[in-house]
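# Survey of secondary and tertiary structure
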Protein chains: 2
Amino acid sequence: MFNDTIAAIATSPGSGAIAVIRLSGKESFNIVKKIFTPKKGKLEFKAYTIRFGTISSDNQVVDEVLISIFKSPNSYTGEDSVEISCHGSLFIQQKILNIVIKNGARLANPGEFTQRAYLNGKMDLSQAEAVADLIASESASAHKIAMQQMRGGFSSELQELRSRLLSFISLIELELDFSEEDVEFADRKALKNLISDIQKHISKLINSFELGNVIKNGIPVAIVGEPNVGKSTLLNVLLNEDKAIVSDIAGTTRDAVEDIISINGILFRLIDTAGIRNTNDVVESLGIERTMNKIKKADIVLLLIKAGDLDSKQKISEIKEKARGKHLIVLINKIDTVKNDVDDEFINNEKIQYIKISAKYKINIDKLNQLLIDTVNYSSLNKNDTILTNSRHVEALQKAYEASLRVSQGLETGISSDFLAQDIREILQYIGVITGEFTVDEVLGNIFANFCIGK
Amino acid sequence: MFNDTIAAIATSPGSGAIAVIRLSGKESFNIVKKIFTPKKGKLEFKAYTIRFGTISSDNQVVDEVLISIFKSPNSYTGEDSVEISCHGSLFIQQKILNIVIKNGARLANPGEFTQRAYLNGKMDLSQAEAVADLIASESASAHKIAMQQMRGGFSSELQELRSRLLSFISLIELELDFSEEDVEFADRKALKNLISDIQKHISKLINSFELGNVIKNGIPVAIVGEPNVGKSTLLNVLLNEDKAIVSDIAGTTRDAVEDIISINGILFRLIDTAGIRNTNDVVESLGIERTMNKIKKADIVLLLIKAGDLDSKQKISEIKEKARGKHLIVLINKIDTVKNDVDDEFINNEKIQYIKISAKYKINIDKLNQLLIDTVNYSSLNKNDTILTNSRHVEALQKAYEASLRVSQGLETGISSDFLAQDIREILQYIGVITGEFTVDEVLGNIFANFCIGK
């Protein structure tokens, strides 16, 4: 337990109808006693109750507030905690925070409430990290992954790996005690199967990071095509699909240069669209850096072609070449302007996905949205599979995987029990780094420094 | 009571550690029953208690939340209410609000919670208006006035005026019943005294509006002077006095063109400072519009003069002329550069306040701050006198005052009881307009439309 009591404004900075100031630590109740007067009756600190009253300082009423009482260990941090719900003016928020600090609390560091929750055993480290992800989540899919992780899905998966390894390691360590006698308590074949199982499992988790990463940050999409082929019209149509959510997100948390669209709860990041809007890059001069760079950064490439364009075959071939390994979708735009447009047979032979659209008249935009969604490995999302989004976790799992390779090699070559035990311990340790059973202060500091204040 | 249940995000828009979604109305508990699952035990709606659990939709957990239960009539609105405290991501806030609405609530209009509080008799109209002022309060003084009004200081003052008038009016109306007999139940002399008392009281309140208005919006201060006399240095020094608070305010709620400084909790609005910083307006050419406009808009004029400036007498006289009726303070700057600077005797004869300062070396800036503070009628602020800040209240009081003049004239001329009664009723009615005893829907609509959503 900690000796100091921390405080912070926990609601979004700015003025609103109400704001919440959070207090946690041993002195929480004593501090509240000094500054809060209940409207009726005596002030008692009964867990999970609310009281109405006033906050005063220097005999001046500062605000009428509600206080919510949480008692150790049944609070977010595991400590005695109070939440003061006040009128949401900037002045009042700041004033109450100052009063609380003047009466013995200390301003909390970013993430310090959650750090205390972790250090007091209320959650493991991967769950604590998921809290930050949850707060930052901007889309249904990112939210779902963070929620699953916060609620312990990932942790229990790791816990299972651990316990299976632990049962073996105790047997192997028993062998060490009898090392003179050359006995094998641990069944080598079963261990081999287990390690192979674990490797498969870890690989799957590591591979999920690619999906997790795009879900968290948005799947990068490049829109390429000649001038006047309708790129900006298409862009506007895409952006309008979910305007309210999109503008909220773009304005508050994203670099303004990239437009983010959300389709069915999946974020797509339109690459360098600000550039696209003003640019004059021509498909003919595909060698130019701009287009190549866009394609290089993208997972999905949308090639916009004008219906009836006689050179379309050549352009498609050219881009297909450049976008090797990417998901290429050809959009034949302006189908409203011509009757017989493109050589379907040619595109079909080339085995490229394509749709005929009209950005202007919004024809087949729903089909385009569906195609974009289909590029995502949606099945993993729906099956409640664990999806990694945190590079720290991936790094730890990669090291665990390397250690597991040494174990399997050792089993092949019949390595001695003590080396085997050491490698298995290493797997356990790297898994423990994720949940926070093994940590160094520096890592902790980095993790919680990225939180917002008040959480 | 209302039939529909309203909901809104009550905390500042944006993402934070936590956010609060507010529900009020008959169906609040039923809606929560449908979407909330407590972590432990059965869900009961006990007043002033908190429960921890999950919000779900379509069998998917959306968030782990705390819910706070308020039961009619002991809630802010006077209705059954629930506050849902969730993780503060934009996505989660919006999602929970949507779930609540899908399950039977309606999105609240701005100020609708407070409007219900008023209509359910939890507060009168002037108190409800003070809630909005409190949330918007940016300085200690504005906060103090709003707090006093919200806690009913102004209301009880009006209540007292009302009750004194009411006792008279019942006597006068008794006279009407006996109008054939020409009796006087109401003591005309006492009534005259009362009306005179009331007129004094109302005048004082009306006059307080000037102070109230500047406290709410900041006291306009013009800084004038020649180029290179140190205006921008002075400005920076003034702004730095309370930088943290100032930048918060300036960034979020103010027009960027005006700088706001807070000295001892009083706001000062520096007029057209953006202009001052770039301008080349010269005191010699005082006829020019710029300087005149600045002075016209100001309550306080700071004239900056360079120490040792040989033409200072002329400049001071010129500005004194232009700033007639304003509070003029001459600042003799750069006193670090010269020994014997200005003709003190001259300024003293002119009866102008002046200080010798060095903006660069921050000499006597504290004295300047004190002088600025002294221009405010601070005594009213300290004596807990009621200070009006709302033009609607002033307008109503002005009409009440006019009616009171008709009463005193009527008493002089010995007007008949029925006319007297009518004028007194009119005073009562205008006072009632402030507290909301007499209102029309249109006025109500205007008042609450200026609230933020969620309050």
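Everything here concerns the structure above.
Presented here is an overview of the structure given in this document. (Residues numbered from 1 in each chain as written. Chains lettered and ligands numbered in written order. Predicted model: local features only at pLDDT ≥ 70, side-chain atom pairs only at ≥ 80, totals over all residues. Heavy atoms only, no water.)

Our next topic: the overall build of chain A. Of regular secondary structure, chain A possesses 18 helices and 13 strands. Per-residue burial for chain A yields a buried fraction of 53% across its 455 residues. The long-range share in chain A, meaning contacts at least 24 apart out of those at least 6 apart in sequence, stands at 67%. (Helix = DSSP H or I, 4+ residues; strand = E, 2+ residues; numbered from the N terminus. Buried < 20%, exposed > 50% of the residue type's maximum accessible area, 1.4 Å probe, protein only. Contact = heavy atoms within 4.5 Å.)

Before going further, it helps to examine a nonpolar patch on the surface. The grouping of A:L171, A:L174, A:F178 and A:F185 at the surface amounts to a nonpolar patch, some 300 Å² of accessible area in total. Position of A:L171 among the secondary structure elements: in helix α6 (residues 153–177). (Patch = residues over 30% accessible without salt bridge, like charges linked within 9 Å, V, L, I, M, F, W, Y side chains within 5 Å. Areas by Shrake-Rupley, 256 points an atom, 1.4 Å probe, with all protein chains shown as cover. Salt bridge = Lys/Arg side-chain N within 4 Å of Asp/Glu carboxyl O.)

Each copy of the sequence occupies a distinct position, and chain B is placed on chain A by a rotation of 180° and an axial shift of 0.1 Å, giving an RMSD of 0.1 Å. On this basis, the relationship between the two copies can be described by a two-fold rotation axis. By C-alpha distance to the rotation axis, the residue of chain B lying nearest is B:T49, at 2.1 Å. Mapped onto chain A, 98% of the interface residues of chain B are again interface residues, and the two copies thus contact each other with one and the same surface. (Least-squares fit on C-alpha atoms with pLDDT ≥ 70 in both.)

Once that is clear, we can look at the pattern of salt bridges. Taken as a whole, this structure holds 35 salt bridges over all chains when the rule is applied. Close ionic contact of A:R164 with A:D197 constitutes a salt bridge, the shortest N to O distance being 3.0 Å. Of this pair, A:R164 sits in helix α6 while A:D197 sits in helix α7 (residues 188–217), and the two are 33 residues apart along the sequence. Exposure remark for A:R164: the relative accessible area of 31% places this residue in the partly exposed category. The closest approach of N and O atoms between B:D4 and B:R106, which form a salt bridge, is 2.7 Å.

With mixed pairing, 7 strands are arranged side by side in an open sheet as β3-β4-β5-β6-β2-β1-β7 (chain B). The open sheet has two free edges, formed respectively by β3 (36–38) and β7 (106–107) of chain B, since each of these has just one partner strand. Pairing between strand β2 (residues 18–24) of chain B and strand β6 (residues 81–87) of chain B: 7 bridges, direction antiparallel. Following the sheet pairing, B:L23 is matched in β6(B) by B:V82. Each of β5 (60–70) and β6 of chain B is contacted by helix α5 (residues 140–150) of chain A, which is oriented at about 75° to β5(B), the strand it contacts most. Here helix α3 (residues 112–119) of chain B sits on the sheet in contact with β1 (6–9), β2 and β7 of chain B, set at roughly 135° to β1(B). (Pairing = 2+ DSSP bridges. Axes fitted to C-alpha atoms, helices over the stretch in contact; angles between N-to-C directions.)

This part takes up the side chain of A:D423. Residues and elements named next belong to chain A. Note that D423 resides in helix α17 (residues 417–435). Residue class for D423 comes out buried when judged on its relative accessible area of 10%. Once you skip the residues sitting within four places of it in the chain, D423 turns out to touch A403, R406 and V407.

A cis amide bond links A:S72 to the next residue, A:P73, at an omega of 0°. Inspection of the secondary structure assignment puts A:P73 in the loop between β5 (60–70) and β6 (81–87). For A:Y48, which is not glycine, the phi torsion reads 60° and is therefore positive. You can see A:Y48 is positioned in the loop between β3 (36–38) and β4 (50–57). Overall, the relative accessible area of 23% leaves A:Y48 in the partly exposed class. For B:D58, which is not a glycine, the phi torsion comes out positive at approximately 50°. Within the element layout of this structure, B:D58 appears in the loop between β4 (50–57) and β5. What makes B:D58 exposed here is its relative accessible area of 66%.

Counting residues at the interface gives 54 residues for chain B and 54 residues for chain A. Contact between chain B and chain A buries roughly 4000 Å² in total, counting both sides, with carbon and sulfur atoms accounting for 64%. It is B:I18, B:I50 and B:F91 that lose the most area in chain B upon contact with chain A, and together they represent 16% of the buried surface on that side. Here chain B and chain A share 2 salt bridges between them. Between B:R151 and A:E64 there is a salt bridge, with its nearest N and O atoms 3.2 Å apart. Where chain B meets chain A, there are 14 residue pairs in polar contact (both at pLDDT 80 or more). Elements with a contribution of two residues or more to the side of chain B that touches chain A: β2, β4, β5, β6, α2 (90–102), α4 (125–136), α5 (140–150) and α9 (243–253) of chain B. (Buried area = accessible area lost by both parts, 1.4 Å probe. Polar contact = N/O pair within 3.5 Å; in protein donor to acceptor, adjacent residues only side chain to side chain.)

Here we come to the sheet that holds strand β10 (residues 266–270) of chain A. All names here are of chain A. A sheet is described by the order of its strands in space; here 6 strands give the open sequence β9-β10-β8-β11-β12-β13, paired in mixed fashion. Every other strand in the sheet has two partners, leaving β9 (259–263) and β13 (353–356) as the edge strands with one partner each. Geometrically, the sheet is characterised by an average inter-axis angle of 25° between neighbouring strands, direction not taken into account. As paired strands, strand β8 (residues 219–225) and strand β11 (residues 300–306) are joined by 5 bridges and run parallel to one another. Within β11, the position partnered with V224 by the bridge is L303. Relative to β11, helix α12 (residues 312–322) is tilted by about 170°, and along the sheet it contacts β8, β11 and β12 (327–333). Strand contacts of helix α14 (residues 365–374): β9, β10, β11, β12 and β13, with the helix running at about 160° to β13, the strand carrying the most contacts.

Another aspect to go through is the side chain of A:S57. All names here are of chain A. Locating S57 in the fold gives a position in strand β4. Its relative accessible area of 9% is what places S57 among the buried residues. Other than its neighbours up to four places away in sequence, S57 contacts V62, I99 and K102.

With that settled, the discussion passes to the packing of helix α6 (residues 153–177) of chain B against helix α17 (residues 417–435) of chain B. Residue and element names in this part refer to chain B. Packing of α6 against α17 brings their axes to within 9 Å, and their N-to-C directions diverge by 160°. Looking at the two axes, α6 sits roughly antiparallel to α17. When you trace α6 past α17, the crossing you get is left-handed. On α17, the residues touching F154, L158, L161, R162, L165, L166, I169, I172, E173, E175 and L176 of α6 are S417, D418, L420, A421, I424, R425, I427, L428, I431, I434 and T435. Partitioning the contact of α6 with α17 into residue classes produces 15 nonpolar, 2 polar and 5 charged. (Parallel < 35°, antiparallel > 145°, perpendicular 65-115°, else oblique. Left-handed = near helix turned anticlockwise from the far one by under 90°. Nonpolar A, V, L, I, M, F, W, Y, C, P; charged D, E, K, R; others polar.)

This paragraph deals with the environment of A:A128. All names here are of chain A. Position of A128 relative to the elements: it lies in helix α4 (residues 125–136). Look at A128 and you get buried, because its relative accessible area is 0%. For the pair A128 and L176, spaced 48 residues apart in sequence, the C-alpha separation works out to 37 Å. Leave out the neighbours within four places in its chain, and A128 touches T114, Y118, M123, F448 and F451.

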